[in-house]
Amino acid sequence: MGGLHTQGRVLSGMRPTGQLHLGHYHGVLKNWVSLQQTFDCFFFVADWHALTTHYEDSGIIAASVWDMVIDWLAAGVNPGSAQLFIQSQVPEHAELHLLLSMVTPLGWLERVPSYKDQQERLRERDLATYGFLGYPLLQGADILIYGADKVPVGEDQVAHVELTREIARRFNHIYGREDGYEAAAEAAIKKMGKKNARLYRQLLKRYQEQGDHEAVEVARALLGEQQNLAISDQERLLGFLEGGGRMILTEPEALLTPASKMPGLDGQKMSKSYNNTISLREPPVAVQEKLRTMPTDPARVRRTDPGNPDICPVWQLHAVYSSDEVRDWVREGCTSAGIGCLDCKQPIIDSVLAELQPLQERAREFEADPGRVRAIINDGAEAARAVARATLEEVRAAMGLIY
Ligand code: TRP
Ligand code: SF4
């Protein structure tokens, strides 16, 4: 892994709790497709996360997993550039979750905003469970086990990445101090060769005496290039530079995905719970029917009544799909009653159909070849496990679990 994508590692997960729709496509998948070109990406089906809320109707999870993977592939997520896998097929996540739970203060979990929010919002479910309280930490384990640098998430998940950073820091602080730490760092510096060792010491000085953060970045790159330094030595020297303990776990950064502007058929955000979605596999006739019957400005009772695009859900779709020319035509035609609502909707219908057509075609190809989809997921799980196992070995060793 690595090599090709020098910008770092990206990890993200999605819960399998139903069909994917245009909101997922515009809000998440297009972003993944673009990230996979510049980062080492790990994208996984968060089936254990789905269980934290859907433990009583867990059937929906298995029913959604494969369709979700097919939708990812259909949307252009490329198994040649990203590792795709299912969380529960990498049980290492669970071990790291358990080990991290030992050092996670209860208050940190109780304070995560989504804990109380979701309990309020999903009142029909009993979420006073151990698993639900711990799910942000499970997410932390998902992230830390791959040493992910960047985590693309929506606004609602930023607090989880922040918690993950705090856990990583706490872990490194408690377990990153080894006996003979300085001597080990000195020995590692010598392994870099004279020239690089001198450069490293200069950067160390620049950071420690002047707080020069750029020096840390340069040193990080320098360490990354050292072929004859083991990963553990690289991490030791990075930790040495930053003055803390050895960096065993990497602090990730949230990569805030701009809030999806994808409106649903009623003008609210597109979401399964509002029943206002167009799914990625929606048959073209159904797409047409849904758009034709979606509400418009109620003032336009008759074709001759002028309307106001600003209060019309169709206008929001024009904002996503239409050119300036089309939008001018809508404004003019709507406010003067020059066009009817069906006329107005036609360009949207055309755009959505054109957008979904190639996607649905690819989905059909994958549907017809489940063996290929399984192979992609198996390969992804294997690659993921190799990375996860290496992290766990370091974590176990740092915690003294070596016998
Ligand atoms: N919790 C995320 C959600 O509900 C899904 C998720 C699980 C995730 N683990 C993750 C996202 C790790 C980013 C990184 O949408
Ligand atoms: Fe909405 Fe278009 Fe009808 Fe105006 S013409 S009310 S913008 S659908």
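Conventions adopted
Residues numbered from 1 in each chain as written. Chains lettered and ligands numbered in written order. Predicted model: local features only at pLDDT ≥ 70, side-chain atom pairs only at ≥ 80, totals over all residues. Heavy atoms only, no water. Domains from an automatic or database assignment. Contact = heavy atoms within 4.5 Å. Buried area = accessible area lost by both parts, 1.4 Å probe. Salt bridge = Lys/Arg side-chain N within 4 Å of Asp/Glu carboxyl O. Polar contact = N/O pair within 3.5 Å; in protein donor to acceptor, adjacent residues only side chain to side chain. Helix = DSSP H or I, 4+ residues; strand = E, 2+ residues; numbered from the N terminus. Near = heavy atom within 4 Å. Nonpolar A, V, L, I, M, F, W, Y, C, P; charged D, E, K, R; others polar. Areas by Shrake-Rupley, 256 points an atom, 1.4 Å probe, with all protein chains shown as cover. Phe/Tyr/Trp six-rings, centres within 6.5 Å; stacked < 30°, edge-to-face > 60°. Buried < 20%, exposed > 50% of the residue type's maximum accessible area, 1.4 Å probe, protein only. Lys NZ or Arg CZ within 6 Å of the ring centre and 35° of its normal. Core = buried A, V, L, I, M, F, W, Y, C linked by side-chain atoms within 4.5 Å. Expected span 1.5 Å × (residues − 1). Arc of directions from axis to C-beta. Right-handed = clockwise from strand over helix to strand, strands pointing away. Pairing = 2+ DSSP bridges.

Trainee: Help me out: how do you make sense of the domain arrangement of the chain in this one?
Mentor: With domains assigned, the chain is organised as domain 1 (9-174 + 249-261 + 369-399), domain 2 (179-242) and domain 3 (272-366). Between domain 1 and domain 3, the C-alpha centre-to-centre distance is 34 Å. Contacts between domain 1 and domain 3 engage 22 residues on the former and 16 residues on the latter. Buried surface at the junction of domain 1 and domain 3, summed over both partners, amounts to about 1700 Å²; 59% is from carbon and sulfur atoms. Among the residues domain 1 hides against domain 3, the three largest losses belong to His21, Leu22 and Ala74. Together they make up 33% of the total. Of the charged contacts in the structure, one is a salt bridge between Asp71 and Arg281, with a shortest N-O distance of 2.6 Å. The interface formed by domain 1 and domain 3 includes 10 residue pairs in polar contact (both at pLDDT 80 or more). Residue assignment for the side of domain 1 that touches domain 3 shows that the elements contributing at least two residues are α1 (22-35), α3 (59-75) and α17 (370-398).

Trainee: What am I meant to see in the site of ligand 2 here?
Mentor: Taken together, Thr296, Asp297, Arg300, Pro309, Cys312, Val314, Val330, Cys334, Cys341 and Cys344 are the residues near ligand 2. Listing elements by their share of the shell around ligand 2, those giving two or more residues are α15 (324-335) and α16 (341-367). For the shell around ligand 2, the residue count by class is 7 nonpolar, 1 polar and 2 charged.

Trainee: What should I look at first to understand the site of ligand 1 in this one?
Mentor: Taken together, 14 residues are adjacent to ligand 1, and Arg15, Phe44, Gln139, Asp142 and Gln157 come closest. Within the side chain of His49, one N or O atom sits 3.4 Å away from a nitrogen atom of ligand 1. Within the side chain of Asp142, a nitrogen or oxygen atom sits 2.8 Å from a nitrogen atom of ligand 1. Burial of ligand 1 by the protein chains amounts to 88% of its free accessible area of 360 Å².

Trainee: Help me understand the packing of aromatic side chains in this model?
Mentor: What describes a pair of aromatic rings is the distance from one ring centre to the other and the angle between the planes of the rings. Applying the stated rule across the entire model yields 8 aromatic pairs. When the centroid spacing of 5.5 Å and the interplanar angle of 15° are considered together, the rings of Phe44 and Phe85 count as stacked. Of this pair, Phe44 sits in strand β2 (residues 40-45) while Phe85 sits in strand β3 (residues 82-86), and the two are 41 residues apart along the sequence. Here Phe44 and Phe85 have matching classes, each one buried. Ring-pair connections join several aromatic residues into one group, and the members of that group are Phe42, Phe44, Phe85 and Tyr146. When the ring centre of Trp108 is taken as origin, the NZ or CZ atom of Arg170, which lies over that ring, is 5.8 Å away. Across the ring face of Trp315, the terminal group of Arg331 is positioned such that the distance to the ring centre comes to 4.6 Å.

Trainee: Hey, could you run me through the side chain of Thr250 in this one?
Mentor: Considering the arrangement of structural elements, one finds Thr250 in the loop between α12 (231-242) and β5 (253-256). Ignoring any residue separated from it by four or fewer positions in sequence, one finds Thr250 in contact with Leu144, Gly147, Ala148, Asp149 and Ala168.

Trainee: Is there a simple way to explain the nonpolar core in this structure?
Mentor: The nonpolar side chains of soluble globular proteins are, as a tendency, buried together. Counting 53 residues, the largest nonpolar core has Leu22, Leu29, Phe43, Trp72, Leu84 and Leu291 as the members making the most contacts within it. If you tally residues by element for this core, the top one is α3, at 9 residues. Counting only domains with at least three residues in this core, you end up with domain 1 (9-174 + 249-261 + 369-399) and domain 3 (272-366). Excluding residues within four positions of it along the chain, Trp72 makes contact with Met14, Leu20, Leu29, Trp32, Phe43, Phe44, Val45, Val77 and Leu84. Counting 41 residues, the second largest nonpolar core, distinct from the first, contains Val90, Leu109, Leu133 and Ala398.

Trainee: Which parts of the structure should I look at to understand helix α8 (residues 158-175)?
Mentor: Residues that lie three or four places apart on an α-helix share one face, since the helix turns once every 3.6 residues. Taking 1.5 Å as the rise per residue, α8 with 18 residues should run 26 Å; its terminal C-alpha atoms sit 26 Å apart, in good agreement. Buried within α8 we find His160, Val161, Leu163, Thr164, Ile167, Ala168, Phe171 and Asn172. Looking straight down α8, one finds that the buried residues subtend no more than 170° of arc, so they occupy a single side.

Trainee: Hey, could you run me through the pairing of β2 in this one?
Mentor: Each regular strand displays side chains that alternate between the two surfaces of the sheet. Most of β2 sits out of view: 6 of its 6 residues are buried. Residues Asp40, Phe42 and Phe44 point to one face of β2 and Cys41, Phe43 and Val45 to the other, with burial holding for every one of them. Traced from strand β1 (residues 9-14) through α1 to β2, the parallel crossover comes out right-handed. The pairing of β2 with β3 spans 5 bridges and is classified as parallel.

Trainee: What is the right way to look at the environment of Ala185 in this model?
Mentor: By the element assignment, Ala185 lies in helix α9 (residues 181-191). Using a relative accessible area of 0% as the deciding quantity, one classes Ala185 as buried. The spacing of Ala185 and Leu265 is 80 residues in sequence and 60 Å in space, taken between C-alpha atoms.

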